[in-house]
Amino acid sequence: MPAEGGILLRRVFPVPPDAIDQAGQVSTEVRRILRSVGAEPEVVRRAGIVCFEGEMNIALYTKGGRIVLVVRPEMVELLFSDRGPGIADIDLVKQPGYSTAPDWARELGFGAGMGIPNMEKNSDEFHIFSRVGQGTVIRATIYRRRHDLG
Amino acid sequence: MTLGEVTAALGLVPLVDPDPGRPVRWGFCSDLLSDVLAHAREGDLWITHQRHLNVVAVAKLKGVAGVVCVRGLRPSEEVRRAAQEEGVPLLTTQMDAFELAGRLYRLLSEGE
C-alpha cells in the first residue's frame, strides 16, 4: 500500500441513485482536476473512462454512493463505494457481456456488460470488495509511470 | 478530411458545430455506450441512435470528432446545450446507420 504522506490531492464526489442524467459530471470534473495537476494525457484518458463507468454503475444499480479521487505522485486512485445492493458473484460481473441492467437502461445504451471489464482494462490495479445487502467498494489504481520501466 | 468537409460531402445537418475544422479519422457505429468507451478512437465520427445527455459525456471522454444521430433523430435542447458547452459537435441525418456508415467508409477510404 502507498504511504499516506504522498497524497497530493483528495476529492470526494457524492453520486445520487437514479440520476443518470447527471452521471458523467464526476468523470468530467475528475478529468479537469487531473489535467490541472499536470497528469499525463493517457492517465487522464484512462481515469476518465474508469470514473464514467463506475459513476454509471452507482447511478444505475445502487442506492447511491460516492467516488473518492486520490492523486499521488506515482499514481491516481479512484475509490467507488455504494450502499448496496452488493454483488453476489464478482467473477461473473467481470465477464464481458454479463449484465443485470433493466430494459429501460439497455434502451439508453447501458447494460452491455462491459462496464466493469472496461474499468479493469483501464486500471493497473483493480479490486472489488462487496457484501450482498450492504454495498460494494471498488478500488482502481492507474500508475502515472509504467512499472515495466523497472 | 475535416468534419466540415465530411458534413458537406454527405449532406449531414449540423446541430451543434463548434469546430468544423477538426479532423475525422474514421467512423464508429454503436448504440452501446460501453462499447464506444472501449473501442472508439479519438477522431472517429460516432454514428448512433442514442441522443441523451450521457452521449455528450462519452463523446467528450473519447474525443470523437462528432456524433451523428441517424434517421432524423434530434437530441433535445438540453442535450444540444450540453454539447455546446463541452465542445462536442452534434449532427443529424435522414440516412439510416447502414447507409451513413457505408457512405462514410467510402468517403474516408477513397479520400473523395
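Cut-off values and rules
- Residues numbered from 1 in each chain as written.
- Chains lettered and ligands numbered in written order.
- Predicted model: local features only at pLDDT ≥ 70, side-chain atom pairs only at ≥ 80, totals over all residues.
- Heavy atoms only, no water.
- Contact = heavy atoms within 4.5 Å.
- Buried area = accessible area lost by both parts, 1.4 Å probe.
- Polar contact = N/O pair within 3.5 Å; in protein donor to acceptor, adjacent residues only side chain to side chain.
- Helix = DSSP H or I, 4+ residues; strand = E, 2+ residues; numbered from the N terminus.
- Nonpolar A, V, L, I, M, F, W, Y, C, P; charged D, E, K, R; others polar.
- Buried < 20%, exposed > 50% of the residue type's maximum accessible area, 1.4 Å probe, protein only.

**Q** Kindly report on the interface of chain B and chain A, identifying the contributing residues and their values.
**A** Contacts between the two partners involve 18 residues from chain B, matched on the other side by 22 residues from chain A. Of the roughly 1,600 Å² buried where chain B meets chain A, counting both sides, 57% is carbon and sulfur surface. Of all residues in chain B, B:Ser34, B:Asn54 and B:Leu61 give up the largest surface area on contact with chain A, accounting jointly for 35% of the area buried on that side. On the surface where chain B and chain A come into contact, there are nine residue pairs in polar contact (both at pLDDT 80 or more). Here the side of chain B that touches chain A gets seven residues from one element, more than from any other, and that element is helix 3 (residues 53-62) of chain B. Partitioned by chemical class, the residues of the side of chain B that touches chain A number eight nonpolar, five polar and five charged.

**Q** Please set out the environment of B:Lys60 residue by residue, giving values where relevant.
**A** With respect to the helices and strands, B:Lys60 occurs in helix 3. B:Lys60 sits in the partly exposed class, given a relative accessible area of 30%. Each C-alpha atom, one on B:Lys60 and one on B:Val16, is 14 Å from the other, the two residues being 44 residues apart in sequence. Apart from the residues lying within four places of it in its own chain, the contact partners of B:Lys60 are A:Arg31, B:Glu86 and B:Val88.

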